[in-house]
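Chain by chain, the residues run as shown.
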Amino acid sequence: MKNLLSVPSPPATANKEESRDHEVPEHGRNVACEIPRINGTRRSASLPFKIAPWIGLLILPALALSTQHRVPPWAFMWLMAYAIFLGCKWLTFWRTKDQQIHLARLTGYFFLWAGMDAVAFLGPAAPAKPSRPGRQIAFSLIKITAGALAFFVLARRAPNHLLAGWIGMVGLIFILHFGLFELVAIAWRWGGVEAKPIMNAPIKATSLSEFWGRRWNGAFNQLVLDIFFRPLARSVGPVRATLTAFLISGLLHELVISLPAGAGYGLPTAYFLLQGWGVVVQRSFIGKRFRLREGARGWLFTMLLTAGPAFCLFHPPFVERVIVPFMQTLGAL
């Protein structure tokens with residue numbers, strides 16, 4: 001059994017370009033502030049500097065938690081999600097070592113960009129400007145329009161609130177993740193800032209590693225890869241590191257999904273653990289034998305494992321108690 005589930009190499013949760021360290025030259029910087037080195041030897045030995053990167057993830061969700069019984073569940077969901085988002089931003093910000101960064105760029109990273117690659121975004125290297133930006137903008141606007149139609153029009157025609165909420169969630173994902181965030185990425189890249197879209201045609205993924213690592217919400221998955229998976233893989237091996245990384249993802253989603261709903265605890269965690277075991281199986285002897293991470297079989301296996309049990313992630317209590325009231329507040333239902 002050990003040989004059947006052995007993983008020959010770490011899960012490909014990010015592409016090579018995303019995992020490569022960015023070198024920061026000593027000249028040509030737009031200096032406005034200096035970030036203390038965390039990964040180096042000059043200050044990392046100090047306990048306060050070891051704790052400082054995690055302050056955001058410790059304090060901000062706690063502050064959001066204090067509002068749980070003072071605001072509607074949907075508002076609490078957004079507050080908790082944004083608290084975790086800013087906490088992760090603060091954590092990645094401390095990975096920029098000695099880079100000297102303009103405050104305007106730093107503000108943009110925290111509040112005007114969904115990605116989590118602080119080193120690339122705040123670095124001096126200017127990416128190539130988007131080719132055919134007009135076409136990319138048009139596609140983004142089409143996605144936003146499709147999402148708005150689903151959220152404000154199609155959801156009204158659903159026979160019950162549960163289905164209406166699911167349609168609304170899909171519409172919201174298209175508006176934000178596939179549309180608005182992509183437009184912002186185009187704008188940043190046009191301005192000479194390295195900002196990759198967080199969605200990269202997830203429907204094309206032929207393996208779970210590819211889906212979660214390079215195609216679906218690349219910002220969050222890159223964070224998990226850099227902060228949790230790589231250090232764990234060196235100490236406990238890739239299989240345990242993979243399962244632990246997905247466990248952490250599940251627990252964070254519990255805070256944003258199950259906690260606002262007040263029910264469904266454990267379902268998001270079970271969903272992400274299933275994804276983790278799916279990655280292990282795909283990279284094992286069994287996965288290679290039955291070609292579960294390539295071609296049509298890999299695509300089918302990936303879609304079945306991600307989309308099939310999605311009701312466990314966005315479970316009915318969350319949809320009915322959080323999403324539906326949110327849609328009603330916006331006049332969508």
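## Here we look at helix α9 (residues 208-215)
The α-helix advances 3.6 residues per turn, and as a result positions three or four apart in sequence lie on the same side.
Moving on, step 1. Counting buried positions along α9 gives seven out of eight residues, so the element sits mostly inside the fold.
Moving on, step 2. Here α9 has its buried residues at Leu208, Ser209, Glu210, Phe211, Trp212, Gly213 and Arg215.
Moving on, step 3. One or two positions beyond α9, positive phi appears at Asn217, with a value near 45 degrees.

## With respect to the layout of surface pockets
Moving on, step 1. Each pocket or cavity is described by its volume, and for the largest pocket that value is around 1800 Å³.
Moving on, step 2. Residue lining of the largest pocket: 50 residues in total, with Ile173, His177, Trp216, Asn217 and Phe314 positioned closest to the centre.
Moving on, step 3. The dominant element in the lining of the largest pocket, judged by the number of residues it contributes, is helix α8 (residues 161-190), at twelve residues.

## Here's the deal with the side chain of Asp117
Moving on, step 1. Checked against the element boundaries, Asp117 lands in the loop between α5 (103-111) and α6 (118-122).
Moving on, step 2. Although Asp117 is buried, it makes no salt bridge; Lys196 carries the closest opposite charge, 6.4 Å away.
Moving on, step 3. From its side chain, Asp117 meets the backbone nitrogen of Ala120 in a polar contact 3.2 Å long.

## Details of the pattern of salt bridges
Moving on, step 1. Applying the stated criterion to the full structure yields six salt bridges.
Moving on, step 2. Here Glu210 ties to Arg214 by a salt bridge, and the two come within 3.3 Å at their closest N and O atoms. One end of the pair is Glu210 and the other is Arg214, both in helix α9 and four residues apart, which spans about a single turn.
Moving on, step 3. By relative accessible area, Glu210 is classed as buried at 11%.

## Things to note about the packing of aromatic side chains
Moving on, step 1. Summed over the entire model, instances satisfying the criterion amount to 25 aromatic pairs.
Moving on, step 2. Ring centres of Phe121 and Trp188 lie 5.0 Å apart, and the angle between their planes is 75 degrees; this geometry places the pair in the edge-to-face category. Here Trp188 lies in helix α8 and Phe121 lies in helix α6, a separation of 67 residues in the sequence.
Moving on, step 3. Residue class for Phe121 comes out buried when judged on its relative accessible area of 0%.
Moving on, step 4. Measuring from centroid to centroid gives 4.9 Å for Phe151 and Phe152, while their planes differ by 70 degrees, and the two rings are edge-to-face.
Moving on, step 5. Residue classification places Phe151 among the buried residues on the basis of a relative accessible area of 3%.
Moving on, step 6. Judged by relative accessible area, Phe152 falls into the partly exposed class, the value being 35%.
Moving on, step 7. An aromatic cluster of at least three residues, connected via ring pairs, comprises Trp90, Phe93, Trp94, Tyr109, Phe110, Phe111, Trp113, Phe121 and Trp188.
Moving on, step 8. A cation over an aromatic ring shows up here: Lys89 above the ring of Tyr109, its NZ or CZ 3.8 Å from the ring centre.
Moving on, step 9. One cation-aromatic arrangement involves Arg289 over Phe290; the distance from NZ or CZ to the ring centre is 5.5 Å.

## A few points about the side chain of Ser249
Moving on, step 1. Relative to the helices and strands, Ser249 is located in helix α11 (residues 238-261).
Moving on, step 2. Those residues in contact with Ser249, other than ones at most four positions away along the chain, are Phe220, Val224 and Phe272.

So, how was this worked out
Residues numbered from 1 in each chain as written. Predicted model: local features only at pLDDT ≥ 70, side-chain atom pairs only at ≥ 80, totals over all residues. Heavy atoms only, no water. Buried < 20%, exposed > 50% of the residue type's maximum accessible area, 1.4 Å probe, protein only. Helix = DSSP H or I, 4+ residues; strand = E, 2+ residues; numbered from the N terminus. 1 Å grid on protein atoms, 1.4 Å probe; cavity = no way out; pocket = protein on both sides within 12 Å on 5 of 7 lines; lining within 4 Å. Points joined across faces, edges and corners; volume = space filled by probe spheres on them. Lys, Arg positive; Asp, Glu negative; His and termini not counted. Salt bridge = Lys/Arg side-chain N within 4 Å of Asp/Glu carboxyl O. Polar contact = N/O pair within 3.5 Å; in protein donor to acceptor, adjacent residues only side chain to side chain. Phe/Tyr/Trp six-rings, centres within 6.5 Å; stacked < 30°, edge-to-face > 60°. Lys NZ or Arg CZ within 6 Å of the ring centre and 35° of its normal. Contact = heavy atoms within 4.5 Å.

Worth remembering: the numbers are spatial, not functional.
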